[in-house]
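# Reading the structure
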Protein chains: 2
Amino acid sequence: GPTEDDLARESISELLGEEMRVDPQLEQELREKFAHMSMTMPERNVKQATLIPSAQALLNPVGTAPGWWVEKDNRIIVAMPGVPREMYRMWENEVQPRLTDRVGGGVLFTRILRVTGMGESTVEEQLDGLIHSTNPTLATYAKTDAVDVRISAKMTTEEEAEKQVVDMEVKVRDILGSHVFGIDSDTLSSVVGDLLQARNQTLGVMESITGGLLSSALTDVKGSSSHFIGGLVTYSTDMKEWMGVPKETVDRYGAVSEQTARAMAHAVRERLGTTFGIGITGVAGPGLQEGKPVGTVHIAVEGPEGVVTSKGPGWRGNRQDNKRYAVLTALNLLRQLLEGTVIPEG
Amino acid sequence: GPTEDDLARESISELLGEEMRVDPQLEQELREKFAHMSMTMPERNVKQATLIPSAQALLNPVGTAPGWWVEKDNRIIVAMPGVPREMYRMWENEVQPRLTDRVGGGVLFTRILRVTGMGESTVEEQLDGLIHSTNPTLATYAKTDAVDVRISAKMTTEEEAEKQVVDMEVKVRDILGSHVFGIDSDTLSSVVGDLLQARNQTLGVMESITGGLLSSALTDVKGSSSHFIGGLVTYSTDMKEWMGVPKETVDRYGAVSEQTARAMAHAVRERLGTTFGIGITGVAGPGLQEGKPVGTVHIAVEGPEGVVTSKGPGWRGNRQDNKRYAVLTALNLLRQLLEGTVIPEG
């Protein structure tokens, strides 16, 4: 990076005894990036355009500082930006493929199965008989939106490696069933979006506990405007009523209740004229609401065939976590309804 | 963690020649955590309840695995869970305070100034004369929602250390002005929320490009239900019109235009009866919309004294980034209006 306390480039140059020079092409690209953002480049940023003879620049389309890929004496040094989202992207798109190329004696094929509704240790316990396999290898990773099961095989050809991975994938899917919602870069939002788009169906949501995060997750997917009609963030009881939730329902059962979640799903579906409507209400915290504990969640999905409901994942930590888990549960409930693995009550 | 490939505890035990044993109290707490989530604890998780004689457990309220604080022969080893949000929290709440206690010969005082509307390298360039200071020290950090300027001083008493930090804070604020929006754990949402709450004022938003993320950011703050009345995620033009945006405005200027942003702010403020209304529209990508490029954003905030507008930060990368930067710009515009650093047109 450009900041004074970042001496990675200087250290590498000194180690290799090579001199850092500003690369004219990198400098021009950097100035264009700043111009594109209608900003003047601070002069110290020119440091980000430096190279040494053994270094190639690694692309960084989401930031200003390119990385360094240094090869000398059969050894490799990689320098990446410290901003996490820039580093993750550079690792995945630039560094990993180059490293894979360097792995001699075979071709690596990898597939990630994305799992919802169980924790990492439960997934690993269920896959106990497979987890010590060596080719393909299996590894689990806890992500914020899912548990990932990564299957990798190395064979002499890509076809052979892929076949190993697919054979293992079948075994894993046999065990985990519909907990597997997608592969590789799939998200619950993208899976739900693809299903709706394929059927030419539409969706509207009315949310309170999640405060807009459910709508936001649904609109993180490109092309979402073709199936997502809109969302109502009814953070006050008054607003729930203005948007069509009967006052009697809220008065009788409380704003945090299955009945109110059902009324929300029904009201938004009717008001926006969508195929499906989701209603979601609960207690985000930190305090009780209507005497109900933090983490209480009620979700309802109404579609042409009827309604399905869920209580969410139970107790969790802070507001952001409660919101996030409630969103994942709602998306998963809609997915299960669309895939036919939960059956609505007429 | 409980997974088989995580051998941190085993390695530490072997290094110190001490035996891992299940601690009965930790085991009971762990089983209660799972019971609280209405889950049965997978038996392999009992590993998370182990200790060695030199280890103390570090609390992990947001996950199941406690950390280890190991002290032996005047050396310290710390083991933390690999899940980032668990690790960050444990580092801040458990590890850092213990390390600070161990730093002999003085008391450390730290304050973070949170900066919006400029990049990290611009902040550092502006603070050039101060950045080489040694006590207090100054360091900048690029976060996803701000640039942090961290000021730390070590003196014999806390009062002296705090005075050093506050003197430096005055100098930094003189240079960065109203770009500094808060300190320590403040966010733009919490600052805006506090201002609204103190004045007994309310807010409603109508958003399209940000797809619910603006509402979600506002509701990440506890107590937000007292000032945030609700949000309308008008992802389709039809929905904008149902919610009170005049069809003529959209037809004439386009859904992505300053005029439509103004009409959205006006409509939500009127419909929800709030003190302030925010309207935000734009092109999230990946394609053009109405011939306007990805990253185009129009924001309007309407209040009792009139309207202020902003065009957002200009070009950015993917959908999520475009949404995030648009949200930060909208929150900052409202903050500036509330603090009187931008003046509305009547």
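So, here's what we can say about the structure. Just so you know, these numbers come straight off a predicted model, no measurement behind them. (Residues numbered from 1 in each chain as written. Chains lettered and ligands numbered in written order. Predicted model: local features only at pLDDT ≥ 70, side-chain atom pairs only at ≥ 80, totals over all residues. Heavy atoms only, no water.)

With that out of the way, let us pick up the packing of aromatic side chains. All names here are of chain B. Summed over all chains, the structure comprises 2 aromatic pairs over all chains. The ring of Trp69 carries the charged tip of Arg98 above its face, separated from the ring centre by 5.9 Å. Lying across the ring of Tyr325, Arg324 places its NZ or CZ 5.0 Å from the centre. (Phe/Tyr/Trp six-rings, centres within 6.5 Å; stacked < 30°, edge-to-face > 60°. Lys NZ or Arg CZ within 6 Å of the ring centre and 35° of its normal.)

Let's shift gears to the nonpolar core. In this structure, Leu203(A), Leu214(A), Ile278(A), Leu203(B), Leu214(B) and Ile278(B) are the most contacted members of the largest nonpolar core, which totals 67 residues. Those residues in contact with Leu203(A), other than ones at most four positions away along the chain, are Leu196(A), Leu218(A), His227(A), Phe228(A), Ile229(A), Gly230(A), Thr274(A), Phe276(A), Gly277(A), Ile278(A) and Leu334(A). Membership of the second largest hydrophobic core comes to 26 residues, among which are Met243(A), Ala255(A), Met264(A) and Leu272(B). (Core = buried A, V, L, I, M, F, W, Y, C linked by side-chain atoms within 4.5 Å. Buried < 20%, exposed > 50% of the residue type's maximum accessible area, 1.4 Å probe, protein only. Contact = heavy atoms within 4.5 Å.)

It is worth spelling out the sheet that holds strand 13 (residues 297–303) of chain A at this point. Spatially, the 10 strands line up as an open sheet ordered 14(A)-13(A)-12(A)-10(A)-11(A)-11(B)-10(B)-12(B)-13(B)-14(B), and their pairing is mixed. Each edge of the sheet is formed by a strand with only one pairing partner; in this case those strands are strand 14 (306–310) of chain A together with strand 14 (306–310) of chain B. For this sheet, the mean inter-axis angle between neighbouring strands, taken without regard to orientation, is 10°. Pairing analysis gives 5 bridges linking strand 10 (residues 203–207) of chain A to strand 12 (residues 276–282) of chain A, with the strands arranged parallel. Paired with Glu207(A) across the strands is Ile280(A), a residue of strand 12 of chain A. Helix 10 (residues 258–272) of chain A rests against strand 10, strand 11 (228–233), strand 12, strand 13 and strand 14 of chain A of the sheet, and its axis sits at about 145° to strand 12 of chain A. (Pairing = 2+ DSSP bridges. Helix = DSSP H or I, 4+ residues; strand = E, 2+ residues; numbered from the N terminus. Axes fitted to C-alpha atoms, helices over the stretch in contact; angles between N-to-C directions.)

In the structure shown here, the tally under the stated rule is 40 salt bridges over all chains. Ionic pairing is found between Glu10(A) and Lys47(A), a salt bridge with its closest N-O pair at 3.3 Å. Of the two residues, Glu10(A) sits in helix 1 (residues 8–16) while Lys47(A) sits in the loop between helix 2 (24–36) and strand 2 (50–51), which places them 37 residues apart along the sequence. In this structure, Asp145(B) and Arg114(B) form a salt bridge, with 2.9 Å as the shortest nitrogen-oxygen distance. With Asp145(B) in the loop between strand 7 (137–142) and strand 8 (147–155) and Arg114(B) in strand 6 (residues 107–115), this residue pair connects regions lying 31 residues apart in the sequence. For Asp145(B), a relative accessible area of 23% puts it in the partly exposed group. (Salt bridge = Lys/Arg side-chain N within 4 Å of Asp/Glu carboxyl O.)

Function cannot be inferred from these measures alone, as they are strictly geometric.
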